[in-house]
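Now for the letters of each chain:
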Amino acid sequence: QLVESGGGLVQAGGSLRLSCAASGRTFSSRSMGWFRRAPGKEREFVAAIAWGGGATDYADSVKDRFTISRDNTKNTVYLRMNSLKPEDTAVYYCAALRGWAQRRTGDVDYWGQGTQVTVSS
């Protein structure tokens, strides 16, 4: 129901844009988010966007570098990642959130399968 794309290998300082295509039922009227899991670490919150797109939330580690957006006509949410660092290397997961301002993995109703992002130094 959530299908990510756009991951890959990029050099430090580079950019990538992740996309997440959702079914209408999974996407409609929901806040959406992105999480990531780095090797050997727990899955962590990255960014979220409210249904209308007017409110966004970011983890401190990505603020001012990443931008979350959505196109409700296409049932798609995006994550634009600029100024990538090696510590951004992780599997990135799209998430359909239970509500706004939810940052815990337990607050996610649906997960995508994940897409690998690797940043080389």
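Placed above this text is the structure.
Residues numbered from 1 in each chain as written. Predicted model: local features only at pLDDT ≥ 70, side-chain atom pairs only at ≥ 80, totals over all residues. Heavy atoms only, no water.

## Notes on the side chain of Asp107
Looking at the secondary structure, you find Asp107 in the loop between β9 (90-97) and β10 (108-111). For Asp107, a relative accessible area of 8% gives the class buried. Within the structure, Asp107 has its side chain in polar contact with the side chain of Arg104 (distance 2.9 Å). In this structure Asp107 touches Leu97, Arg98 and Gln102, once residues within four positions along its chain are discounted. (Helix = DSSP H or I, 4+ residues; strand = E, 2+ residues; numbered from the N terminus. Buried < 20%, exposed > 50% of the residue type's maximum accessible area, 1.4 Å probe, protein only. Polar contact = N/O pair within 3.5 Å; in protein donor to acceptor, adjacent residues only side chain to side chain. Contact = heavy atoms within 4.5 Å.)

## Considering the pattern of salt bridges
Using the criterion set out here, one finds eight salt bridges in the structure. Across the salt bridge formed by Asp57 and Arg103, the nearest N and O atoms sit 2.7 Å from each other. With a gap of 46 residues between them, Asp57 in strand β6 (residues 56-58) and Arg103 in the loop between β9 and β10 connect regions that are remote in the sequence. For Arg103, a relative accessible area of 39% translates into the label partly exposed. Where Lys63 meets Asp60, a salt bridge forms, and the shortest distance between an N and an O atom there is 3.2 Å. (Salt bridge = Lys/Arg side-chain N within 4 Å of Asp/Glu carboxyl O.)

## A look at the state of the cysteines
Taken as a whole, this structure holds one disulfide when the rule is applied. Linked covalently through their sulfurs, Cys20 and Cys94 form a disulfide whose S-S length is 2.1 Å. Since a negative S-S torsion denotes a left-handed disulfide, the Cys20-Cys94 link at about -80° is left-handed. Linking Cys20 in strand β3 (residues 16-22) with Cys94 in strand β9, this pair joins segments that are 74 residues apart in sequence. Accessibility expressed as a relative area gives 0% for Cys94, which makes it buried. (Disulfide = S-S within 2.5 Å.)

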